[in-house]
Amino acid sequence: MVHATADVIDDVLSMGAAGLGMLLQGPGNIAAGVAVREGMPIFLALLLMVFVAVLPFLMVFSRYDVSVLVTLTLVFFGLQFFYVLWGMAFWADNHLHEALTGAASAPKANPIQGLVALWVQRFLYIVFPMLWLAAIGWVGVKADAVMAGMSKMADSAARAAQSGGDTAVSAAKAAATKGGKR
């Protein structure tokens with residue numbers, strides 16, 4: 001009984017400390033969350049503008065290499081997909097409180113739920129798109145490796161065709177000179 005009472009007191013003190021911390025830092029966290037939520041599309045628009053402006057120079061300097069074209073296409077797709085990711089994050093952010101507390105219950109001022117909502121919001125708006133871009137970059141690197149493998153196969157096929165052609169020409173010359181010596 002004493003152990004259970006100590007756990008309850010510990011929980012109450014922890015919740016009180018978390019509530020005090022959320023009370024003191026809450027307005028700053030809310031302002032930072034709103035700034036992130038409102039500023040990300042503006043940042044993405046500027047990033048896409050710079051990407052499109054630099055794209056011709058990248059293609060010229062890469063001498064129109066196919067692997068660079070594939071990589072840049074994947075990067076552009078990855079950046080465009082940020083709008084979808086942020087749309088899902090916006091939806092989740094708007095419905096997160098309802099998911100945590102339930103639709104029928106009255107809103108509760110639970111600091112732990114507020115902290116969870118804050119970290120989920122940061123993950124959805126910042127970390128998840130970074131993971132997405134890293135995955136798309138990994139696909140680009142693998143596509144570059146596949147392109148290099150295809151180039152090697154094309155070179156070996158060209159060498160085999162050249163060897164076969166040389167063999168056919170030498171056989172034809174041998175047959176032509178053999179027939180002329182009779």
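Predicted model, so just to flag it, every value in this text is computed and none were measured.

Scoring rules and cut-offs
Residues numbered from 1 in each chain as written. Predicted model: local features only at pLDDT ≥ 70, side-chain atom pairs only at ≥ 80, totals over all residues. Heavy atoms only, no water. Core = buried A, V, L, I, M, F, W, Y, C linked by side-chain atoms within 4.5 Å. Buried < 20%, exposed > 50% of the residue type's maximum accessible area, 1.4 Å probe, protein only. Helix = DSSP H or I, 4+ residues; strand = E, 2+ residues; numbered from the N terminus. Patch = residues over 30% accessible without salt bridge, like charges linked within 9 Å, V, L, I, M, F, W, Y side chains within 5 Å. Areas by Shrake-Rupley, 256 points an atom, 1.4 Å probe, with all protein chains shown as cover. Salt bridge = Lys/Arg side-chain N within 4 Å of Asp/Glu carboxyl O. Phe/Tyr/Trp six-rings, centres within 6.5 Å; stacked < 30°, edge-to-face > 60°. Lys NZ or Arg CZ within 6 Å of the ring centre and 35° of its normal. pLDDT = per-residue confidence, 0-100. Contact = heavy atoms within 4.5 Å.

Visitor: An account of the nonpolar core is requested, with residue identities and associated values reported.
Guide: One broad rule of soluble globular proteins: the nonpolar side chains tend to lie buried together. Grouped together as the largest cluster of nonpolar side chains are 10 residues: Met-40, Leu-44, Leu-48, Leu-79, Phe-82, Leu-85, Trp-86, Ala-89, Leu-124 and Tyr-125. Counting residues per element, this core draws most heavily on helix α3 (residues 82-101), at 4 residues.

Visitor: Any details on a nonpolar patch on the surface? Residues and values, ideally.
Guide: Taken together, the side chains of Ile-42, Leu-46, Met-49, Val-50, Val-54, Phe-57, Leu-58, Val-60, Phe-61 and Tyr-64 make up a nonpolar region of the molecular surface, amounting to roughly 1100 Å² of accessible area. Relative to the elements of secondary structure, Val-60 occurs in helix α1 (residues 2-61).

Visitor: Lay out the packing of aromatic side chains with the relevant residues and their values.
Guide: Any two aromatic rings considered together are summarised by their centre-to-centre distance and by the angle between their planes. As enumerated under the stated definition, the model contains 6 aromatic pairs in all. Ring geometry for Phe-77 against Phe-81: centres 5.8 Å apart, planes inclined by 35°, an arrangement best described as tilted. On the basis of relative accessible area, Phe-81 is assigned to the partly exposed category, the value being 26%. In this structure an aromatic cluster arises from ring pairing among Phe-77, Phe-81 and Trp-132. Sitting over the ring of Trp-119, Arg-122 keeps its end group 5.0 Å from the ring centre.

Visitor: If you had to explain the confidence of the model for the protein to someone new, which residues and values would you point to?
Guide: The share of residues in the protein with pLDDT of 70 or more is 77%, and the mean pLDDT across the chain is 77. Within the protein, the lowest mean pLDDT, 76, falls on α1, and the highest, 84, falls on helix α2 (residues 66-80).

Visitor: With reference to specific residues and values, describe the environment of Tyr-83.
Guide: Note that Tyr-83 resides in helix α3. The exposure class assigned to Tyr-83 is partly exposed, which follows from its relative accessible area of 39%. In sequence terms Tyr-83 and Pro-41 are 42 residues apart; their C-alpha atoms lie 7.5 Å from each other. With residues up to four places along the chain from it excluded, the contact list for Tyr-83 reads Pro-41, Leu-44, Ala-45 and Leu-48.

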